[in-house]
Amino acid sequence: MALQLNPALDLAYIDQAYGEDPVILYMIFDAFLSDSVPRWQTLQGALESGDLKESASIVHGLKPSFTMTGLTHVRPKVEVLEKAIKENESGEKLLEMYQRISTEIEELIPILESESERLKQL
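Conventions used here
Sequence order sets the numbering: in each chain, residues are counted from 1 along the sequence as written. Predicted model: local features are reported for residues with pLDDT of at least 70 only, side-chain atom pairs are reported and counted for 80 or more only, and whole-chain, interface and lining totals are derived from all residues. The basis for the side-chain values is all heavy atoms of the structure; hydrogens and waters are excluded. Just to be clear on terms, a salt bridge is a Lys or Arg side-chain nitrogen sitting within 4 Å of an Asp or Glu carboxyl oxygen. The helix count covers DSSP runs of H or I at least four residues long, the strand count covers runs of E at least two residues long, and both are numbered beginning at the N terminus. Any residue under 20% of the maximum accessible area for its type is buried, any over 50% is exposed, and the rest in between are partly exposed; the area is computed with a 1.4 Å probe on protein chains only. Whenever two N or O atoms come within 3.5 Å, that pair is a polar contact, provided that in protein one can donate a hydrogen and the other can accept it, and provided that, for residues adjacent in sequence, both atoms are side-chain atoms. Only heavy atoms enter the contact rule, under which two residues are in contact if any of them lie within 4.5 Å. Side-chain rings of Phe, Tyr and Trp (the six-membered ring for Trp) are treated as a pair once their centres are within 6.5 Å; stacked means planes under 30 degrees apart, edge-to-face means over 60, and tilted covers the remaining angles. One number per residue, pLDDT, summarises how confident the predictor is, and it ranges from 0 to 100. Buried Ala, Val, Leu, Ile, Met, Phe, Trp, Tyr and Cys residues form a nonpolar core when they are joined through side-chain atoms within 4.5 Å. Here the expected length of a helix is defined as 1.5 Å per residue gap, with one fewer gap than residues. To get the bend at a residue, fit one axis to the 7 residues ending there and another to the 7 starting there, then take the angle between the axes.

S.K.: Outline the pattern of salt bridges, supporting the account with residue identities and numerical values.
M.R.: This model, assessed by the stated rule, comprises ten salt bridges. One salt bridge in this structure joins K86 and E82, with 3.3 Å as the shortest N-O distance. Taken as a pair, K86 and E82 lie in helix α4 (residues 75-86) at a separation of four residues, close to a single helical turn. For E82, a relative accessible area of 5% corresponds to the buried category.

S.K.: Quick one: what's the story with unusual backbone geometry, residue by residue and with numbers?
M.R.: Phi is positive for Q4, which is not a glycine, with a value near 55 degrees. Relative to the elements of secondary structure, Q4 occurs in the segment before α1 (11-18). Its relative accessible area of 59% is what places Q4 among the exposed residues. In this model, N88 sits at a positive phi of 55 degrees, which is unusual for a non-glycine residue. Its place among the elements puts N88 in the loop between α4 and α5 (91-121).

S.K.: Pulling in residues and values, what's your account of the side chain of T69?
M.R.: As for its placement among the helices and strands, T69 is situated in the loop between α3 (52-68) and α4. At 2.6 Å, the side chain of T69 and the backbone oxygen of S65 are in polar contact. Sequence-distant contacts of T69, that is, excluding residues within four places in its chain, are made with L9, I14, I28, F29, F32 and L112.

S.K.: Which residues make up the packing of aromatic side chains, and what values go with them?
M.R.: Applying the stated criterion to the full structure yields four aromatic pairs. Seen in terms of ring centroids, F32 and F66 are 5.5 Å apart; in terms of plane orientation they differ by 75 degrees. Their pairing is edge-to-face. Remark: F66 occurs in helix α3 and F32 occurs in helix α2 (residues 22-48); sequence separation between them is 34 residues. Take F32 and F66: they sit in the same class, and that class is buried.

S.K.: Please set out the confidence of the model for the protein residue by residue, giving values where relevant.
M.R.: For the protein, the average pLDDT comes to 96, and 98% of its residues sit at 70 or higher. Of all the helices and strands in the protein, α1 carries the lowest mean pLDDT, 94, while α4 carries the highest, 98.

S.K.: Run through the nonpolar core, naming residues and quoting values.
M.R.: Counting 36 residues, the largest nonpolar core has W40, F66 and L81 as its most contacted members. Setting aside residues no more than four positions away along its own chain, F66 makes contact with F32, W40, L71, T72, V74, R75, V78 and I105.

S.K.: Before we move on, can you summarise α2 with the specific residues and values?
M.R.: With 27 residues, α2 extends 38 Å between its outermost C-alpha atoms, agreeing within 8% with the 39 Å of an ideal straight helix rising 1.5 Å per residue. The largest bend in α2 amounts to roughly 35 degrees and is located at F32. Every buried residue of α2 is accounted for by P22, L25, I28, F29, F32, L33, S36, V37, W40, L43, A46 and L47. Those residues of α2 that are buried lie in contact with α1, α3, α4 and α5. The backbone nitrogen of V23 lies 3.0 Å from a side-chain oxygen of the residue at the head of α2, namely D21. In the stretch just after α2, G50 is the one whose phi turns positive, near 80 degrees.

And the structure:
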């Protein structure tokens, strides 16, 4: 891939889905950062309040954004969380799963921010 993206991202997926188009990639990364990340953060409140219907809705709506952004390794974890929500797992277990995934996402956010900024310049 000529764009030389960070290897923490699924480069094979990104190349297959978007090719060498820095504009579309910038838009995808930027949308994830401005929309999906805040929505993911609202999930914590829904889980803490025990609103499983809202929690399931948030998670279900976010699943595609992980794949689209090249975070394909995160999506299966989000799917497991969604399944656990639908199966009425304990709030404690759901929050623990959420925190594990959040830690991983927080480590990836700076990568997406720097790639987004770099792609915007191309």
